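# Tertiary structure, described
What follows is each chain in one-letter form.
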Amino acid sequence: MALRTIVTYPHPVLRQEAEPITVFDQELKTLVEDMAETMYQAPGVGLAANQIGVARQVVVVDRSTVENERTYITLVNPEISDGEGSVTDEEGCLSVIECYAKVERFRKIHVTARDVEGNPLEFDAEDRYARIIQHEVDHLRGTLFIDRLSSLKRALYKKKLKRILQEQE
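So, here is what we can say about the structure in this document. (Residues numbered from 1 in each chain as written. Predicted model: local features only at pLDDT ≥ 70, side-chain atom pairs only at ≥ 80, totals over all residues. Heavy atoms only, no water.)

Moving on, we come to the sheet that holds strand S1 (residues 46–48). Within a sheet, neighbouring strands are paired by backbone hydrogen bonds and run either parallel or antiparallel to one another. Pairing within the open sheet is antiparallel, and its 5 strands lie in the order S1-S2-S3-S6-S7. Strands with a single pairing partner mark the edges of an open sheet, and in this sheet they are S1 and strand S7 (120–126). For this sheet the average axis-to-axis angle between neighbouring strands, irrespective of direction, equals 40 degrees. Seen against the sheet, helix H1 (residues 26–41) touches S1, strand S2 (58–62) and strand S3 (72–84) and runs at an angle of roughly 40 degrees to S2. In the packing of helix H2 (residues 127–140) onto the sheet, the strands contacted are S1, S2, S3, strand S6 (108–114) and S7, and the crossing angle to S7 comes to about 125 degrees. (Pairing = 2+ DSSP bridges. Helix = DSSP H or I, 4+ residues; strand = E, 2+ residues; numbered from the N terminus. Axes fitted to C-alpha atoms, helices over the stretch in contact; angles between N-to-C directions. Contact = heavy atoms within 4.5 Å.)

Set out below in structure tokens:
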């Protein structure tokens with residue numbers, strides 16, 4: 001396992017539509033292990049492959065219920081259907097630095113995907129777990145959570161980010 005660098009907005013890979021995975025091999029398993037290690041080190045609760053510069057349809061999502069536990073699920077080529085209800089809650093993103101905002105998401109979703117071995121997965125997710133999955137699947141479509149904000153909030157964030165990046169130079 002190796003830590004990978006998390007790319008940050010406005011890196012172009014974050015706007016790319018991720019490619020479906022068709023080969024379930026050791027390379028994919030290594031990628032997933034690296035993603036999980038990177039996610040927990042960040043620390044985060046979800047990570048999409050394009051957040052580490054790999055435009056492939058795979059995400060890891062933390063499923064821990066106890067603090068300091070490291071239990072995650074891998075979703076390869078995930079699809080979300082049957083969204084029910086809506087809830088607005090605060091989100092942040094490892095790839096969108098210094099930005100937290102309230103985002104509306106489905107409260108309950110139906111997920112189909114494959115695991116790292118290529119076996120089919122199908123389940124319902126609710127509340128926080130559903131929010132994380134929706135956030136990560138958005139990444140695979142080239143969508144960031146800031147795209148779900150009002151144009152004013154997005155403009156204010158871009159202005160703030162420009163200042164942050166100038167200070168880092």
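Now, onward.
On to the pairing of strand S5 (residues 96–105), then. Looking at chain direction, strand S4 (residues 87–93) and S5 are connected through 6 bridges and run antiparallel. The partner of aspartate 89 across the bridge, within S5, is valine 103. What sits between S4 and S5 in their antiparallel hairpin is a turn of 2 residues.

A separate point is the pairing of S3. Here S2 pairs with S3 via 5 bridges, running antiparallel. Residue pairing for S3: valine 58 is matched across the bridge by valine 76. In terms of strand pairing, S3 meets S6 through 5 bridges, oriented antiparallel. Each bridged residue has a counterpart across the sheet, and for valine 76 the counterpart in S6 is arginine 114.

Structurally, arginine 105 can be placed in strand S5. At 2.8 Å, the side chain of arginine 105 and the side chain of glutamate 91 are in polar contact. Here aspartate 138 takes part through its side chain, which lies 2.8 Å from a polar atom of the side chain of arginine 105. Once residues within four sequence positions are removed from consideration, arginine 105 is found in contact with Gly85, Ser86, Val87, Glu91, Arg131, Gln134, His135, Asp138, Phe145 and Arg148. (Polar contact = N/O pair within 3.5 Å; in protein donor to acceptor, adjacent residues only side chain to side chain.)

This part takes up H2. Helix length check: H2 (14 residues) gives 21 Å between terminal C-alpha atoms against 20 Å at 1.5 Å per residue, within 8%. The buried fraction of H2 is high, at 12 of 14 residues. Taken residue by residue, H2 has Tyr129, Ala130, Arg131, Ile132, Ile133, Gln134, His135, Glu136, Val137, Asp138, His139 and Leu140 as its buried positions. Of the residues one or two after H2, glycine 142 is the one with positive phi, at around 85 degrees. (Expected span 1.5 Å × (residues − 1). Buried < 20%, exposed > 50% of the residue type's maximum accessible area, 1.4 Å probe, protein only.)

Okay, the pattern of salt bridges next. Using the criterion set out here, one finds 10 salt bridges in the structure. One salt bridge in this structure joins arginine 15 and aspartate 147, with 2.5 Å as the shortest N-O distance. Residue arginine 15 is located in the segment before H1, and its partner aspartate 147 is located in the loop between H2 and helix H3 (151–168); the two are separated by 132 residues in the primary sequence. Across the pair glutamate 91 and arginine 105 runs a salt bridge whose closest N-O atoms are separated by 2.8 Å. (Salt bridge = Lys/Arg side-chain N within 4 Å of Asp/Glu carboxyl O.)

With respect to the secondary-structure elements, arginine 131 resides in helix H2. Residue arginine 131 is classed as buried on the basis of its relative accessible area of 10%. A distance of 2.9 Å separates the side chain of arginine 131 from the backbone oxygen of valine 87, its partner in a polar contact.

Shape descriptors only; they carry no functional weight alone.
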